[in-house]
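Architecture at a glance
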Amino acid sequence: MTHQAGPGEVQAPQAPPPGGRRGPASRRALWLAIGGLILAVPFWPLGLVLGIAAIVTEIRARRDPAVPARRGLSASLVVGALAVLVGLFAMTSWIVLAPELSDRQSCLDGANTVADKKACDDAFSRQIIDKFDLPPDTKVFTGF
């Protein structure tokens, strides 16, 4: 049985629950990180911004004296860093493949038949194979 502090007695502070308590800023950081990870590939600029915002928000939340200190990595830091990495990969891919994607899109704009669209995809595949010195029988995904 525990002793409750009576009038005039000082009660010792209770220890935080294991794993620490998440404040509103930490929850916000986690939502930013999840959003950044979801948007990192289809819309990489926003995914990068949200991932960075999640990391900054979580670091600031850890400095808040009202929330008990936590150790180690949190989900928002891990997912935010993953969103940044995936966003950087998507950005790099987009920059490296920009000329080929532009050529493919201009070809598809003028294509009227399924055969024309297949010819555009075949030309895109040849450009990718030539750019990266891949074996000629390599299959290139063109299903965007």
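Rules used in this analysis
Residues numbered from 1 in each chain as written. Predicted model: local features only at pLDDT ≥ 70, side-chain atom pairs only at ≥ 80, totals over all residues. Heavy atoms only, no water. Patch = residues over 30% accessible without salt bridge, like charges linked within 9 Å, V, L, I, M, F, W, Y side chains within 5 Å. Areas by Shrake-Rupley, 256 points an atom, 1.4 Å probe, with all protein chains shown as cover. Salt bridge = Lys/Arg side-chain N within 4 Å of Asp/Glu carboxyl O. Buried < 20%, exposed > 50% of the residue type's maximum accessible area, 1.4 Å probe, protein only. Helix = DSSP H or I, 4+ residues; strand = E, 2+ residues; numbered from the N terminus. Axes fitted to C-alpha atoms, helices over the stretch in contact; angles between N-to-C directions. Parallel < 35°, antiparallel > 145°, perpendicular 65-115°, else oblique. Left-handed = near helix turned anticlockwise from the far one by under 90°. Contact = heavy atoms within 4.5 Å. Nonpolar A, V, L, I, M, F, W, Y, C, P; charged D, E, K, R; others polar.

The name recorded for the protein in an unreviewed UniProt entry is DUF456 family protein, from Actinomadura rayongensis.

A grouping of W31, I34 and I38 is seen on the molecular surface, where their side chains present a nonpolar patch of about 360 Å² in accessible area. Since its relative accessible area comes to 58%, I38 is described here as exposed.

This part is about the pattern of salt bridges. Any two side chains of opposite charge can pair, given that their charged atoms come close. Applying the stated criterion across every chain, the model contains 4 salt bridges. With a shortest N-O distance of 3.3 Å, E58 and R62 are connected by a salt bridge. Separated by 4 residues within a single helix, E58 and R62 lie in helix α2 (residues 44-62), roughly one turn from each other. With a closest N to O distance of 3.4 Å, K118 and D122 form a salt bridge. Of this pair, K118 and D122 both sit in helix α5 (residues 114-131), 4 residues apart, which is roughly one turn of that helix. Using a relative accessible area of 52% as the deciding quantity, one classes K118 as exposed.

This part covers the packing of helix α4 (residues 98-110) against α5. Interhelical geometry of α4 versus α5 gives an angle of 165 degrees and a closest axis separation of 9 Å. Between α4 and α5, the crossing angle belongs to the class labelled roughly antiparallel. Here the hand of the crossing between α4 and α5 comes out right-handed. Contacts between α4 and α5 involve E100, L101, D103, R104, C107 and L108 on the former and, on the latter, K117, C120, D121, F124, Q127, I128 and K131. Counted by class, the contact of α4 with α5 contains 6 nonpolar, 1 polar and 6 charged residues.

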